[in-house]
Amino acid sequence: MSVVWEHVFDNFGIKQVTKTDKEKSAYVPNAQQRKAITAAGIKPASVRPGPEFSLTILFEPTGKTIRSSYYHSERKPSGRTPEPRMGHEIISSWLDKGDRVLIGNIGKQVFAIKLGTGVAVDKDVIAQEVVQRADPATILARAKAAKKGTPPTREVKRSDFARNPYVVAAALLRAKGSCEMPGCKRALFEKPDGTAYLEVHHVIPLGEDGDDMLGNVAALCPHCHREQHFGKDRVSQRKSLSKYVAKL
Ligand SMILES: [Zn+2]
Ligand SMILES: [Zn+2]
């Protein structure tokens, strides 16, 4: 996901969950993540487990908020400044070793996103999904503070996958003008040339090392395509779609 997170969060950091984080059930946030938590007005307690706070989880079918404690680890005899840890649900049941987790704040609200779960493609859509969950007063205040005129242009450096146009074209030929999601009977609108509008989707996203091959793409109607990226059943749907296209 190539998202300009700077436009979304006041502060944010991204870290990969380590073996030790998981084994000790104590997630060690990195400096930027600590900055976000601090900016939300949460201070680490001196003892474990310390008081708890909620994080709003995004793009997870499992729920909207998750609890975390925030405390200083026990002082080492070496006298080093103790690093804050996060305990409770966030690490005991939500995060797993190897997950890349973003923790960021908007005002007093703390958000957490597991990255690389193939959720979404468009960075503006992702930004919108996040901001939509900020508290209504913050949303309104920031919208009202928007300046008159067209938004500033932004230079986005990103690496794109050079998708094979023949794979796309072949998927469209294979689909014969109807959505390849099993069971979908939706009517498609026509393009100016009279052909049906379909979008070619990578079942296992390229960003998750999916192949740019016919066996990993499906020509979908816009509804099914969006649902693959944002729907609550996207994980189970991905599995059945994957089996289906592999047989085509
Ligand atoms: Zn897609
Ligand atoms: Zn469809």
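Residues numbered from 1 in each chain as written. Chains lettered and ligands numbered in written order. Predicted model: local features only at pLDDT ≥ 70, side-chain atom pairs only at ≥ 80, totals over all residues. Heavy atoms only, no water.

So what's going on with the pairing of strand β4 (residues 84-87)? Which residues, and what values?
Of the two faces of β4, the one holding Pro84 and Met86 and the one holding Arg85 and Gly87 are both buried throughout. Alignment of strand β3 (residues 65-72) against β4, held across four bridges, turns out to be antiparallel. Bridge pairing in β4 links tyrosine 70 to methionine 86. (Buried < 20%, exposed > 50% of the residue type's maximum accessible area, 1.4 Å probe, protein only. Helix = DSSP H or I, 4+ residues; strand = E, 2+ residues; numbered from the N terminus. Pairing = 2+ DSSP bridges.)

Got a sec to walk through the packing of aromatic side chains? Specific residues and values, please.
For the structure shown, the criterion picks out five aromatic pairs. Residues phenylalanine 9 and phenylalanine 12 carry aromatic rings whose centres are separated by 6.5 Å and whose planes lie at 40° to one another, so their mutual orientation is tilted. Judged by relative accessible area, phenylalanine 9 falls into the buried class, the value being 4%. Every member of this aromatic cluster is reached through a ring pair, and the members are Trp5, Phe9, Phe12 and Phe111. Lysine 15 extends its terminal NZ or CZ atom over the ring of tyrosine 27, reaching a point 4.6 Å from the ring centre. (Phe/Tyr/Trp six-rings, centres within 6.5 Å; stacked < 30°, edge-to-face > 60°. Lys NZ or Arg CZ within 6 Å of the ring centre and 35° of its normal.)

Before we move on, could you go through the coordination of the zinc ion (ligand 1) and cite the residues and values that matter?
Coordination of the zinc ion (ligand 1) by the protein is provided by His201 (ND1), His225 (NE2) and His229 (NE2), with metal-donor distances spanning 2.1 to 2.2 Å. Look at where the donors of the zinc ion (ligand 1) fall in the sequence and you get H-x23-H-x3-H. A residue pair is termed long-range when its members are at least 10 positions apart, and histidine 201 in strand β7 (residues 199-202) and histidine 229 in helix α7 (residues 222-230) qualify at 28 residues. Residue classification places histidine 201 among the buried residues on the basis of a relative accessible area of 5%. (Donors = N, O, S within 2.8 Å, 3.2 Å for Na, K, Ca; no water.)

Describe the packing of α7 against helix α8 (residues 234-247), naming the residues involved and giving the relevant values.
Running from N to C, α7 and α8 point in directions that differ by 120°, and their axes come no closer than 7 Å. With respect to their mutual orientation, α7 and α8 come out oblique. The chirality of how α7 crosses α8 is left-handed. Facing Glu227, Gln228, His229 and Phe230 of α7, the residues of α8 in contact are Arg234, Gln237, Arg238 and Leu241. Classifying every residue of the contact of α7 with α8 by side-chain character gives two nonpolar, three polar and three charged. (Axes fitted to C-alpha atoms, helices over the stretch in contact; angles between N-to-C directions. Parallel < 35°, antiparallel > 145°, perpendicular 65-115°, else oblique. Left-handed = near helix turned anticlockwise from the far one by under 90°. Contact = heavy atoms within 4.5 Å. Nonpolar A, V, L, I, M, F, W, Y, C, P; charged D, E, K, R; others polar.)

I'd like a description of the coordination of the zinc ion (ligand 2), backed by residues and values.
For the zinc ion (ligand 2), every protein donor is listed as Cys179 (SG), Cys184 (SG), Cys221 (SG) and Cys224 (SG), and the spread of their distances is 2.2 to 2.4 Å. Coordination geometry of the zinc ion (ligand 2): the four donor atoms subtend angles of 104 to 113° at the metal centre, consistent with an arrangement described as tetrahedral. Mapping the donors of the zinc ion (ligand 2) onto the primary sequence gives the spacing C-x4-C-x36-C-x2-C. Per residue, the accessibility class of cysteine 221 equals that of cysteine 224, and both read buried. (Tetrahedral: all angles 85-135°; square planar, octahedral: opposite > 155°, others 65-115°.)

Describe the environment of aspartate 135, with residues and values.
Considering the arrangement of structural elements, one finds aspartate 135 in the loop between α4 (123-131) and α5 (136-144). Separated by 28 residues in the primary sequence, aspartate 135 and glycine 107 have C-alpha atoms spaced 9.0 Å apart.

Describe helix α2 (residues 31-39), listing the residues and the values that go with them.
Burial in α2 covers these residues: Gln33, Ala36 and Ile37. Projected down its long axis, α2 shows its buried positions confined to an angular sector of 95°, all on one face. Turning to α2, the residues buried within the fold contact β1 (11-16), β2 (52-58), β3, β4 and β5 (100-106). Count one or two residues on from α2 and you reach glycine 41, which has phi positive near 90°. (Arc of directions from axis to C-beta.)

Kindly report on the nonpolar core, identifying the contributing residues and their values.
Most often, soluble globular proteins keep nonpolar side chains buried together rather than apart. Formed by 19 residues in total, the largest nonpolar core has its most connected members in Leu55, Met86 and Ile103. Elements supplying a minimum of two residues to this core: β2, β3, α3 (89-94), β5 and β6 (109-115). Core analysis: the next-biggest nonpolar cluster, separate from the first, contains 17 residues, Met181, Val203, Leu220 and Cys221 among them. (Core = buried A, V, L, I, M, F, W, Y, C linked by side-chain atoms within 4.5 Å.)

Requested: an account of the side chain of asparagine 216, with residues and values cited.
Mapping asparagine 216 onto the fold places it in the loop between β7 and β8 (217-220). Ignoring sequence-local partners within four residues, the contact set of asparagine 216 consists of His201, His202, Val203, Ile204, Gly210 and Asp211.

Any details on the pattern of salt bridges? Residues and values, ideally.
Side chains that differ in charge, positive against negative, can pair when their charged atoms come close. Within the structure shown, the criterion is met by 10 salt bridges. In this structure, arginine 142 engages aspartate 10 in a salt bridge whose closest nitrogen and oxygen atoms are separated by 2.9 Å. Residue arginine 142 is found in helix α5, and its partner aspartate 10 is found in the segment before β1; the two are separated by 132 residues along the sequence. Relative accessible area serves as the criterion here: at 37%, aspartate 10 is assigned to the partly exposed category. Close ionic contact of lysine 15 with aspartate 21 constitutes a salt bridge, the shortest N to O distance being 2.8 Å. (Salt bridge = Lys/Arg side-chain N within 4 Å of Asp/Glu carboxyl O.)

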